[in-house]
Amino acid sequence: MEYSIQEASELLSIPIQKLRRWDEQGVLVALRTSGGHRRYSRELIDRLAASGFGATADKTSQELATVKRALAEKRRIIQLLLESENRYRDLVETSHDLIWATDAEGRFTYLNTAAYDIFGLAPKDLIGRCFFNFEAGAAHVGNRRFLATLRRKGEVKNYVTHVLTTDGENRWIGINARLTNDDLGEPLGIRGTARDITEQHVATQRIEHLALHDPLTDLPNRHSLQIGIEAAMQDSSVGALLFIDIDHFKYVNDNFGHRAGDQLIIGVGSVLREVVRGCGGEVYRLGGDEFAIHLPEALRKQANHAAELALDAVRHYRFQASEQRVVSNLSASIGIALYPFHGSDVPSLFSNVDIAMYQAKELGRNRHMVFDQASDNLRSTHKRVHWAKRIRDALDDDRITLFAQPVVRLKDQKAMHHEVLVRLRDDQGGFILPSTFIEIAESLSLVQELDLQVVEKLLAFMREHNQVGKKLRYFVNLSRVSIADPHWVKRLMSLLTATQVDPTQLVFEITETAAMSEIDVTLSFINRLKDIGCRFALDDFGAGFSSFYYLKRFEVDYLKIDGSFIRDLATDEGSRLFVRALNDVARGLSKQVVAEWVESPEALKLLVEMGAQYGQGYIFRKPMPIADTVRAATNRLLRAKAG
Ligand code: C2E
Ligand code: CA
Ligand code: CA
């Protein structure tokens, strides 16, 4: 018996077409009936069916299909990979960053075209060379360190090095690098990127330079000096620090303008640089007309020698201030401090060298002084230096503040005028009284600037408060030092003539002592300002010479009786006699009297009886910021508590 093809197909679960094909291919040959139909031996088919032939065949074809699918997938992936590699290569080739790889010895095996920008050579000309063939400046040391770190850590990021291109151009490049190893961990090479950061680097350097240098002279600045001294002190070595202050620099600045002043500073800077070249030190500009010289390892002898050379150089320096004028015979004052002897930290060394410099100035300028710990006047110098700084800072930082106190007409107790009293605003928002600093400002020639700023501020205030009326007068204190300085008088005159403020509203106060000490100077000053309409008061009268004779010569409008007489008026017979006599003389000379320090109702009553015209004192009002005082006076009449 035989099976038909249908039966065989069913038994073996193989499609009929497949059996036909197998028959044709001779895989499973069928018998034929006379009619040509395929027949299969029963025995064979049953055995095949029992051995699971059909299933195996099916499995084979299934496996075949899986393999085929896998192959197709692989082809697709390869296609993708190829595409992405092309894309990747494009990226690498056209990248602005350098992409590079080296062998284990650090020799380039691959570079993209950015190599040209960094080294000035095409990639092919760089193969076999290495980064360090191009190292420039002091890059060598850093580069070795970079390699060591790379070996240790396997990766370094943002390493900056300095290279020189084949055209001799300086380049700074930032490098990221990673070590590549084989399966056994042996280094195969280095791979990484690099970028030309020359522009950034130059900009950063420029900023660093600016932070450490004075823009005018390009000399290193105070900050740079601090760093230098700190480093030297840490090496526990010795050395000398010189502070150099150009005497009368302000004169040049004021007479020939800031541009000439700047030129002078530049000139002196280069002269000092020349001096220091021979001494093995460095020159710094600290600001204004102050320079410093740092002499590492120098002792007293070398420091004195350098100071003498510097003084000499400054003295011989000639400066073309304008087309017609040459400034020569400049001088300087130099303070010297030696570390660690005169200070083992920067602040104390700076403060002591400052003191030495002021001592040199006080001893008559054009000299140098080594800081002297034992000096008798050290303490007072300390105090003076401290105040000199504070006053200077206050002038520079616009912390000069005007207070005012009303000058009251006694007959009706009306605030007619105001005395302007200066204060320095301190860091805590408090006000420092002039008794603390005026004397020091006078001895250090800072009072001129102070007096001028007071006048400037007052003029500005008056311009704003015009509506107060012409009758109101402002009394302004001037120092003897200011009015004795012809240059200062010139500046005051130009201030007053340039302003729209009415000069007749200004009353300048000069103390009696000041007026008497240089009578001619005072007289010529008074006359010049009287010409433009200003008025004058003789301040603190009675405290000094009290010369009634000279009263006639000074054409002042007001006499201000020193407060010590007024305060004691009710209790002291002598004071009463003096004040009464003074009142009579003043009236005879047609001068108005102002009594200061009116504190008590008794004193006020006595003054009214004596016929004194004006009074000033706590009984009326304490000094207050000028705007407050003037507002209070215009708003209402002041009512004193007269008995
Ligand atoms: P001064 O010109 O004699 O000014 C009067 C001083 O007496 C002021 O002191 C004022 O606050 C104080 N005073 C007012 N009423 C009374 C009172 O009833 N009793 C007492 N015990 N004192 C009273 P202040 O403001 O401390 O000024 C002190 C000195 O500083 C002034 O004396 C003046 O010589 C000077 N000064 C003030 N401002 C300036 C200025 O702008 N330039 C200059 N060069 N010197 C100034
Ligand atoms: Ca005064
Ligand atoms: Ca006074």
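Residues numbered from 1 in each chain as written. Chains lettered and ligands numbered in written order. Predicted model: local features only at pLDDT ≥ 70, side-chain atom pairs only at ≥ 80, totals over all residues. Heavy atoms only, no water.

**Q** So what exactly am I meant to see when it comes to the pairing of strand β3 (residues 38-41) here?
**A** Both faces of the sheet carry side chains from a regular strand, because those side chains alternate between them. Burial along β3 is one-sided: Arg 38 and Tyr 40 are buried, and none of Arg 39 and Ser 41, which face the opposite way, are. Note: strand β2 (residues 31-32) against β3, two bridges, orientation antiparallel. Its bridge partner lying in β3, Arg 32 is registered against Arg 38. Linkage of β2 to β3, two consecutive antiparallel strands, is achieved through a turn of five residues, within which Gly 36 is found at a positive phi near 95°. (Buried < 20%, exposed > 50% of the residue type's maximum accessible area, 1.4 Å probe, protein only. Helix = DSSP H or I, 4+ residues; strand = E, 2+ residues; numbered from the N terminus. Pairing = 2+ DSSP bridges.)

**Q** Could you clarify how one ought to interpret the side chain of Ser 479 in this entry?
**A** Mapped onto the elements, Ser 479 comes out in the loop between β19 (474-477) and α16 (480-483). Using a relative accessible area of 5% as the deciding quantity, one classes Ser 479 as buried. Looking at Ser 479, its side chain comes within polar contact range of the main-chain nitrogen of Val 481, at 3.0 Å. If near-sequence neighbours (up to four positions away) are discounted, Ser 479 is found in contact with Glu 442, Val 447 and Asp 451. (Polar contact = N/O pair within 3.5 Å; in protein donor to acceptor, adjacent residues only side chain to side chain. Contact = heavy atoms within 4.5 Å.)

**Q** What am I meant to see in the confidence of the model for the protein chain here?
**A** Put simply, the protein chain has an average pLDDT of 87, and 94% of its residues get 70 or more. No element of the protein chain has a lower mean pLDDT than helix α4 (residues 53-94), which averages 71, and none a higher one than β19, which averages 98. Low pLDDT, under 50, characterises residues 637-643; the stretch is placed with 16 contacts to residues that sit more than four places away or in other chains. (pLDDT = per-residue confidence, 0-100.)

**Q** Any chance you could explain the environment of Phe 565 here in plain terms?
**A** Within the fold, Phe 565 resides in helix α21 (residues 563-567). Given the relative accessible area of 17%, Phe 565 is considered buried. Taking C-alpha positions, Phe 565 is 9.8 Å from Val 598, a pair spaced 33 residues apart along the chain.

**Q** In this structure, what is going on with helix α1 (residues 5-12)? I would like to understand it.
**A** Along an α-helix, residues three or four positions apart point the same way, because every turn accommodates 3.6 residues. Within α1, burial applies to Ile 5, Ala 8, Ser 9 and Leu 12. Around the axis of α1, the buried residues are gathered within 100° of arc, so they sit on the same side. Ser 13 sits one or two positions beyond α1 and adopts a positive phi of about 50°. (Arc of directions from axis to C-beta.)

**Q** Would you mind showing me how to read the packing of helix α10 (residues 249-277) against helix α11 (residues 300-316) here?
**A** Following both chains from N to C, one finds α10 and α11 inclined at 145°, their axes separated by 9 Å at the closest point. As α10 runs across α11, the sense of the crossing is right-handed. Between α10 and α11, the residues in contact are Val 268, Val 271, Leu 272 and Val 275 and Ala 306, Leu 309, Ala 310, Ala 313 and Val 314, respectively. For the contact of α10 with α11, the residue count by class is nine nonpolar, no polar and no charged. (Axes fitted to C-alpha atoms, helices over the stretch in contact; angles between N-to-C directions. Left-handed = near helix turned anticlockwise from the far one by under 90°. Nonpolar A, V, L, I, M, F, W, Y, C, P; charged D, E, K, R; others polar.)

**Q** Whenever I open this one, the pattern of salt bridges confuses me. Can you help?
**A** When charged atoms on two side chains of opposite charge get close, those side chains can pair. Per the counting criterion, the structure on display carries 30 salt bridges. In this structure, Asp 125 engages Lys 124 in a salt bridge whose closest nitrogen and oxygen atoms are separated by 3.6 Å. Here Asp 245 ties to Lys 361 by a salt bridge, and the two come within 2.8 Å at their closest N and O atoms. Here Asp 245 is found in strand β9 (residues 239-246), whereas its partner Lys 361 is found in helix α12 (residues 346-362), with 116 residues between them in sequence. One salt-bridge network, held together by shared partners, links Asp 23, Glu 24, Arg 32 and Arg 38. (Salt bridge = Lys/Arg side-chain N within 4 Å of Asp/Glu carboxyl O.)

**Q** Which parts of the structure should I look at to understand the coordination of the calcium ion (ligand 2)?
**A** Reference geometry at the metal: tetrahedral coordination by four donors gives ideal angles of 109.5 degrees; octahedral coordination by six donors gives 90 or 180 degrees. Distances from the calcium ion (ligand 2) to its protein donors, Glu 419 (OE), Asn 477 (OD1), Glu 509 (OE) and Asp 539 (OD), fall within 2.1 to 2.4 Å. Taken as a pair, the calcium ion (ligand 2) and the calcium ion (ligand 3) show a spacing of 3.7 Å, with Asp 539 coordinating each metal. Here Asn 477, found in strand β19, pairs with Glu 509, found in strand β20 (residues 506-511); they are 32 residues apart in sequence, far enough to count as distant. Residue class for Asn 477 comes out partly exposed when judged on its relative accessible area of 24%. Taking relative accessible area as the criterion, Glu 509 reaches 1% and is therefore assigned buried. (Donors = N, O, S within 2.8 Å, 3.2 Å for Na, K, Ca; no water.)

**Q** I would appreciate a short explanation of the packing of helix α9 (residues 222-234) against α12 in the present structure.
**A** Each pair of packed helices can be summarised by the angle the axes make with each other and by the distance between the axes. Look at α9 against α12: their axes get within 10 Å of each other, and the N-to-C directions meet at 115°. You can see that α9 and α12 cross each other, and the crossing is right-handed. Facing Arg 222, Leu 225, Gln 226, Ile 229, Glu 230 and Met 233 of α9, the residues of α12 in contact are Val 346, Leu 349 and Phe 350. A per-class count over the contact of α9 with α12 returns six nonpolar, one polar and two charged.

**Q** What's the story with the sheet that holds strand β8 (residues 187-196) in this structure? I'm lost.
**A** By definition, the strands of a sheet pair up through backbone hydrogen bonds, in either a parallel or an antiparallel sense. With respect to topology, five strands assemble into an open sheet ordered β5-β4-β8-β7-β6, the strand pairing being antiparallel. What marks the edges here is a single partner per strand, and that holds for β5 (108-111) and β6 (155-164). With direction set aside, neighbouring strand axes in the sheet form an average angle of 25°. In the sheet, strand β7 (residues 170-181) pairs with β8 via nine bridges, with the strands oriented antiparallel. Residue Ile 175 lies in a different strand from β8, and its bridge partner there is Ala 194. Strands in contact with helix α7 (residues 139-153) are β6, β7 and β8; relative to β6, the strand with the most contacts, it is inclined by about 160°.

**Q** Would you mind showing me how to read the nonpolar core here?
**A** Nonpolar side chains in soluble globular proteins tend to be buried together. Ranked by size, the top nonpolar core spans 102 residues in total, and within it Tyr 474, Phe 508 and Phe 525 carry the most contacts. The dominant element in this core, judged by the number of residues it contributes, is helix α15 (residues 447-464), at nine residues. Both domains that meet at this core, namely domain 3 (217-375) and domain 4 (394-642), each give it at least three residues. Of all hydrophobic cores here, the second largest spans 38 residues; its members include Ile 244, Tyr 317, Leu 330 and Val 370. (Core = buried A, V, L, I, M, F, W, Y, C linked by side-chain atoms within 4.5 Å. Domains from an automatic or database assignment.)

**Q** Which parts of the structure should I look at to understand the coordination of the calcium ion (ligand 3)?
**A** Of the protein atoms, only Asp 539 (OD), Asp 539 (OD), Asp 540 (OD), Glu 596 (OE) and Glu 596 (OE) coordinate the calcium ion (ligand 3), at distances of 2.2 to 3.2 Å. Coordination at the calcium ion (ligand 3) is irregular: its six donor atoms span angles of 44 to 151° at the metal. Counting residues between consecutive donors of the calcium ion (ligand 3) along the chain gives the motif D-D-x55-E. For Asp 540, a relative accessible area of 24% corresponds to the partly exposed category. (Tetrahedral: all angles 85-135°; square planar, octahedral: opposite > 155°, others 65-115°.)

**Q** Where do I start with the packing of aromatic side chains in this structure?
**A** We describe a pair of aromatic rings using the distance from one ring centre to the other and the angle between the two ring planes. Going through the model one piece at a time under the given rule, you end up with 17 aromatic pairs. Taken together, a centroid distance of 6.0 Å and an interplanar angle of 45° make the contact between Phe 508 and Phe 536 tilted. Of this pair, Phe 508 sits in strand β20 while Phe 536 sits in strand β21 (residues 535-541), and the two are 28 residues apart along the sequence. Feature note: the residues Trp 100, Phe 108, Phe 119, Phe 131 and Phe 134 constitute an aromatic cluster, connected by ring pairs. Directly above the aromatic system of Tyr 618 lies the positively charged group of Lys 622, at a separation of 4.7 Å from the ring centroid. (Phe/Tyr/Trp six-rings, centres within 6.5 Å; stacked < 30°, edge-to-face > 60°. Lys NZ or Arg CZ within 6 Å of the ring centre and 35° of its normal.)

**Q** So what exactly am I meant to see when it comes to the sheet that holds β3 here?
**A** With antiparallel pairing, three strands are arranged side by side in an open sheet as β1-β3-β2. Taken across any chain shown, the strands that pair with only one partner, and hence form the sheet edges, are β1 (2-4) and β2. Each of β1 and β3 is contacted by α1, which is oriented at about 90° to β1, the strand it contacts most. With respect to the sheet, helix α3 (residues 42-50) is in contact with β1 and β3, its orientation differing from that of β3 by roughly 65°.

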